[in-house]
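So the chains spell out like this:
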Amino acid sequence: MIRTEQVKYGYNEGTIIAVDGVDIQVNNGEFVVIIGHNGSGKSTLAKMFNGILLPTGGAVYIAGMNTADEGKIWDIRSTAGMVFQNPDNQIVATLVEEDVAFGPENLGVPTEEIRERVTTALDAVHMAHHLKKPPHLLSGGQKQRVAIAGILAMKPRCIILDEPTAMLDPIGRKEVMETVTRLNREEGITIVHITHFMDEAIDADRIIVMEKGKKHLEGTPKQIFSQVERLKDMGLDVPQVTLLAHELKKSNVNISEDILTVEEMVEAICRLL
Amino acid sequence: MSITIEHLDHIYDKGTPYETKALDDVSLTIETGEFIGIIGHTGSGKSTLIQHLNGLIKPSSGKIVVNDFDITAEKVKMTDVRKKVGLVFQYPEYQLFEETVARDIAFGPENLGLDAKTVEAHVKEAMALVGLDYETMKDKSPFELSGGQKRRVAIAGVLAMKPDVLILDEPTAGLDPKGRDEILMQIKQLHRKNKNTVILVSHSMEDVGKLADRLFVMNKGQLALSGTPLEVFRESEFLESIGLGVPQIVKLSEALIKKGIAIEKEIVTVEDAKQELLRLLGSK
Amino acid sequence: MLRDITIGQYYPVESAIHRLDPRIKISISFLYLISLFIVKDIRVFGLVTLFLLMIIKMSKVPVNYILRGLKPIFLIIIFAFVINLFMTPGDSIFHYGIFNITIQGVYQAVFMVLRLVYLIVGTSLLTLTTSPIALTDGIEHLLTPFKKIGLPAHELAMMMTIALRFIPTLLEETDKIMKAQMARGADFESGNIFNRAKALVPLLVPLFISAFRRADELAMAMEARCYRGGENRTRMKVLKYEKRDVLAGLVFGLYVALIVGLRFIM
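As the structure is a prediction and not an experimental result, all values here were calculated from the model. (Residues numbered from 1 in each chain as written. Chains lettered and ligands numbered in written order. Predicted model: local features only at pLDDT ≥ 70, side-chain atom pairs only at ≥ 80, totals over all residues. Heavy atoms only, no water.)

A. Summary view of a nonpolar patch on the surface. Residues and elements named next belong to chain C. On the surface, Phe-74, Ile-78, Phe-81, Val-82, Ile-93, Phe-94, Tyr-96, Ile-98, Phe-99, Ile-103, Val-106 and Val-110 cluster together to form a nonpolar patch covering roughly 1,200 Å² of accessible area. Those elements that provide at least two residues to the nonpolar patch are α5 (74–87), β1 (92–96) and α6 (103–129). Here the nonpolar patch gets four residues from one element, more than from any other, and that element is α5. Mapping Val-110 onto the fold places it in helix α6. (Patch = residues over 30% accessible without salt bridge, like charges linked within 9 Å, V, L, I, M, F, W, Y side chains within 5 Å. Areas by Shrake-Rupley, 256 points an atom, 1.4 Å probe, with all protein chains shown as cover. Salt bridge = Lys/Arg side-chain N within 4 Å of Asp/Glu carboxyl O. Helix = DSSP H or I, 4+ residues; strand = E, 2+ residues; numbered from the N terminus.)

Written as structure tokens, this is what we have:
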């Protein structure tokens, strides 16, 4: 679905290197989380996934199309839709339904079909009852779901979410994560989720950790989170129970270090006692 | 600097169809030097509550007394209130406007009518408190700084007014874990050093659980729960029902107790859990 | 404070007027404004009053809601009245010092106030009964013929939509920044004009910066959703003239004919 080859990006005519030679492959239907702290290059990378930024070195392929190919840019953007961080700054229209229609309208979808797509997309994010609402009356989580619906109405095969939960409260974060997970599981849409909240990465198929513009770690959640020391060095969080397991292990307790959930921890402790 | 709030009500858009009761009979007391956490989801009334403490919103009814000084009384000078209570808003970096870092931080103390020398001293001190080097940073434009640095400048802008009570609304919102831990650490040190009252408003149970002496939980404009983090976390079912979670580690200890494992100590942090589990494993 | 201004704010009810095609409503409003300037005899305003009352009745917008909307421009109305009252030469009916009121002055003052009020009531009826989106759509369609002479109809309409979308967001932001600066001791309420203007700097600078940041992010989000101007764009809602629109046009045509006719008769 997405493939990068030694992709590089430099701001300020290449003097500030944000992404420095990254190879990534995201397969069809996968749920990939990209983690890293601010300035690690994760957002720049995301913006290269749908041609908002073009690599200054290497290449990015979306479903086989090179993002540098100008003739393909609209195909690329409708194949890999993008949701941004600030829920307020990506809603264009003054009514929810109008906003969701914006993408298909741009693509020149026939009038009768747009209506249908808007309804389906809003249903998919459980926002159908807010069809006629002005966006400023919605909560942050609801706005992000409208933004996701706006992308869905373009019928993408992949959605890239660039820190969609960073500005939301816990309820909003939960709403967005549930929506994204459902779209991945039920609709088979490939998800690339960029975040610095580690708890949002626990259910991912694969985690990629970015640091200083490079791919630092890559693996399943268990493989990544068990490296507590390395993550802490990078200033990243681990789930509290994983940290506890790590601490116990350091105190010579015979416990597995790849514990991510409370249930796993309870089981492990019961076995020890 | 103790704070007493008595039967505070606040109604928005009174007499219109949009009338909403944002605060409903809130009474609470905060002792001098306490570190308080206020939690509640968006719309629970917590923002309305803290804006009252700073005199930005007048109560519909009720009274707020800060150290024997009734800030809700008629004809109170607002500069007097702001000397006592400093409020750092959510995403405070959006309020920066001056050409240099030092001048932006000086805005608050200057408005209090302090002389130039005192202002400079306050600015220096405030910058030190948030970990910004005065000499290298003072002449920089606040707009060329990183997100985390901007936020510290903004926090320093309130600290430089030397308030007795410091209120921070979601000071870590939008920051990455590293930036979050740094800010929280500085707030903690500040509290230790200056012994002033700190009120931290947050969504994150983990953050307030680690730092606060006492928590107030807001829900639908009412004070729903209060007590030490331990006492509040014990009500995990209620917290979940109003859209707030408890830290994973608290859930763990609950699950273990349910399994019949004899946990004696109450657990709030990872360190607590580690010590308790080591004790249990050792005694076996 | 800001929410007290009701003039021209969309009043969401179902009515025959609300259902009319925005294009016909915009055209009628435009011609109505011109018709007010054709009227030269105060008695003809009787006809205008009847016409307006009929529309207001049909629109289901309460009359006092419309009148409340006149509040912000009350001063201008008084001003127009006073100027005309004292400045019109003619047969004096009252004289005191430099003040001189003439019979023609009274006539002229009443005439001008009526014209002004009907101007405002008429145009606010358009915005009261037409949602901002419909209004924008209507304007875009009406301007389309002018595309040939290089008028960017689509771009203008898009700008209007975005402005409408961001007004509440920016109002909210203004309130937030204002409070944040007040918490730092800023005073927006007292002092002379010079001091007050200076006090606005800490409000305006952050507001502009934020507006630019928003614009930048919005442009990126629009691009990501394949926005590339008006070319080859389709619409979810397509405007279509109905029977009622034709009827409205006919009724209005009759009204215009009467106004023009009366001008020559009276």
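B. Quick look at the side chain of Thr-44 of chain A. Residue placement: Thr-44 of chain A occurs in helix α2 (residues 42–48). Residues contacting Thr-44 of chain A, with those up to four places away along its chain left out, are Tyr-9, Tyr-11, Ala-18, Val-19 and Leu-53 of chain A. (Contact = heavy atoms within 4.5 Å.)

C. Examining the nonpolar core more closely. The biggest cluster of nonpolar side chains holds 123 residues, and the ones touching the most others in it are Ile-148, Ile-159 and Met-265 of chain A together with Leu-252 of chain B. When residues no more than four places from it in sequence are discounted, the contact partners of Ile-159 of chain A are Gly-81, Val-83, Ile-148, Ile-151, Leu-152, Leu-183, Ile-189, Thr-190, Ile-191 and Val-192 of chain A. In this structure, Ile-5, Ile-57, Val-66 and Phe-107 of chain B belong to the second largest nonpolar core, which totals 39 residues. (Core = buried A, V, L, I, M, F, W, Y, C linked by side-chain atoms within 4.5 Å. Buried < 20%, exposed > 50% of the residue type's maximum accessible area, 1.4 Å probe, protein only.)

D. Spotlight on the pairing of strand β7 (residues 165–169) of chain B. Residue and element names in this part refer to chain B. Counting buried positions over the five residues of β7 gives five, a clear majority of the element. Judged by which residues are buried, β7 turns out to be covered on both faces: Val-165, Ile-167 and Asp-169 on one side and Leu-166 and Leu-168 on the other are all buried. The pairing of strand β6 (residues 85–88) with β7 spans four bridges and is parallel. Paired with Val-88 across the bridge in β7 is Leu-168. Relative to strand β8 (residues 197–202), β7 is paired through five bridges, and the arrangement is parallel. Within β8, the residue paired with Val-165 across the bridge is Thr-197. On the question of chirality, the crossover connecting β7 to the parallel β8 by way of helix α7 (residues 177–194) is right-handed. (Pairing = 2+ DSSP bridges. Right-handed = clockwise from strand over helix to strand, strands pointing away.)

E. Representation of the sheet that holds strand β9 (residues 214–219) of chain B within the structure. All names here are of chain B. Strands sit in the order β6-β7-β8-β3-β9-β10 across an open sheet of six strands; the sheet is mixed. Two strands in the sheet have a free side with no partner beyond their single neighbour: β6 and β10 (222–227). The mean inter-strand angle of the sheet, taken between neighbouring strand axes irrespective of direction, is 20°. Where strand β3 (residues 35–39) meets β9, four bridges bridge the pair, whose relative direction is parallel. Across the sheet, the residue bridging to Ile-38 is Phe-216, located in β9. The strands touched by α7 within the sheet are β3, β7 and β8, with β8 carrying the most contacts at an inclination of about 160°. (Axes fitted to C-alpha atoms, helices over the stretch in contact; angles between N-to-C directions.)

F. Geometry of the interface of chain A and chain C. Contacts between chain A and chain C engage 39 residues on the former and 28 residues on the latter. Buried area between chain A and chain C, summed over both chains or domains, comes out near 3,200 Å², and the portion from carbon and sulfur atoms is 57%. Contact with chain C buries area across many residues of chain A, yet Trp-74, Asn-89 and Asn-106 of chain A alone supply 21% of it, more than any other trio. Taken together, the connections running from chain A to chain C amount to seven salt bridges. At the surface where chain A touches chain C, the tally comes to 18 residue pairs in polar contact (both at pLDDT 80 or more). Those elements giving two or more residues to the side of chain A that touches chain C turn out to be α3 (73–79), α4 (96–107), α5 (111–124) and α6 (140–152) of chain A. Here the side of chain A that touches chain C gets eleven residues from one element, more than from any other, and that element is α4 of chain A. A class-by-class count of the residues in the side of chain A that touches chain C yields 19 nonpolar, twelve polar and eight charged. (Buried area = accessible area lost by both parts, 1.4 Å probe. Polar contact = N/O pair within 3.5 Å; in protein donor to acceptor, adjacent residues only side chain to side chain. Nonpolar A, V, L, I, M, F, W, Y, C, P; charged D, E, K, R; others polar.)

G. Structural context of the sheet that holds strand β4 (residues 61–66) of chain B. Residue and element names in this part refer to chain B. The strand order across the open sheet built from four strands is β2-β1-β4-β5, with neighbouring strands paired in antiparallel fashion. Every other strand in the sheet has two partners, leaving β2 (20–30) and β5 (69–70) as the edge strands with one partner each. Sheet analysis places strand β1 (residues 3–12) next to β2, joined by seven bridges and oriented antiparallel. Looking across to β2, one finds that Leu-8 is bridged to Val-26. Its contacts with the sheet place helix α1 (residues 46–53) against β1, β2 and β4, and it is angled at close to 120° to β1.

H. Region of interest: the environment of Met-82 of chain A. Here Met-82 of chain A lies in strand β6 (residues 80–83). Take Met-82 of chain A: its relative accessible area is 2%, and that puts it in the buried class. Remark: the alpha-carbon pair of Met-82 of chain A and His-216 of chain A, spanning 134 residues in sequence, is separated by 24 Å. Sequence-distant contacts of Met-82 of chain A, that is, excluding residues within four places in its chain, are made with Ala-46, Lys-47, Asn-50, Ile-151, Ile-160 and Asp-162 of chain A together with Ala-224 of chain C.

I. Representation of a positive patch on the surface within the structure. A contiguous patch of positive charge, built from Lys-232 of chain A together with Lys-188, Arg-192 and Lys-210 of chain B, is present on the exposed surface. Counting through the fold element by element, Lys-188 of chain B comes out in helix α7. Overall, Lys-188 of chain B belongs to the partly exposed group, its relative accessible area being 31%. (Lys, Arg positive; Asp, Glu negative; His and termini not counted. Charge placed at Lys NZ, Arg CZ, Asp CG, Glu CD.)

J. Seen up close, the interface of chain A and chain B. At the interface, 30 residues of chain A touch 29 residues of chain B. Between chain A and chain B lies a buried interface of about 2,700 Å² when both sides are counted; carbon and sulfur atoms form 69% of it. Among the residues of chain A in contact with chain B, Gln-240, Leu-244 and Leu-273 of chain A are the three that bury the most area, contributing 23% of the side total. Counting every contact that joins chain A to chain B gives ten residue pairs in polar contact (both at pLDDT 80 or more). Secondary-structure elements contributing two or more residues to the side of chain A that touches chain B are α7 (170–187), α10 (240–250) and α11 (262–272) of chain A. Considered class by class, the residues forming the side of chain A that touches chain B number 20 nonpolar, seven polar and three charged.

K. Here's a closer look at helix α6 (residues 147–159) of chain B. All names here are of chain B. Between its first and last C-alpha atoms α6 spans 19 Å; for 13 residues at 1.5 Å apiece the expected length is 18 Å, and the two agree. Regarding α6, the residues found buried are Arg-151, Arg-152, Val-153, Ala-154, Ile-155, Ala-156, Gly-157, Val-158 and Leu-159. Residues of α6 that are buried sit in contact with β6, α3 (101–111), α4 (116–129), β7 and α7. (Expected span 1.5 Å × (residues − 1).)

The values are spatial; any link to function lies outside them.
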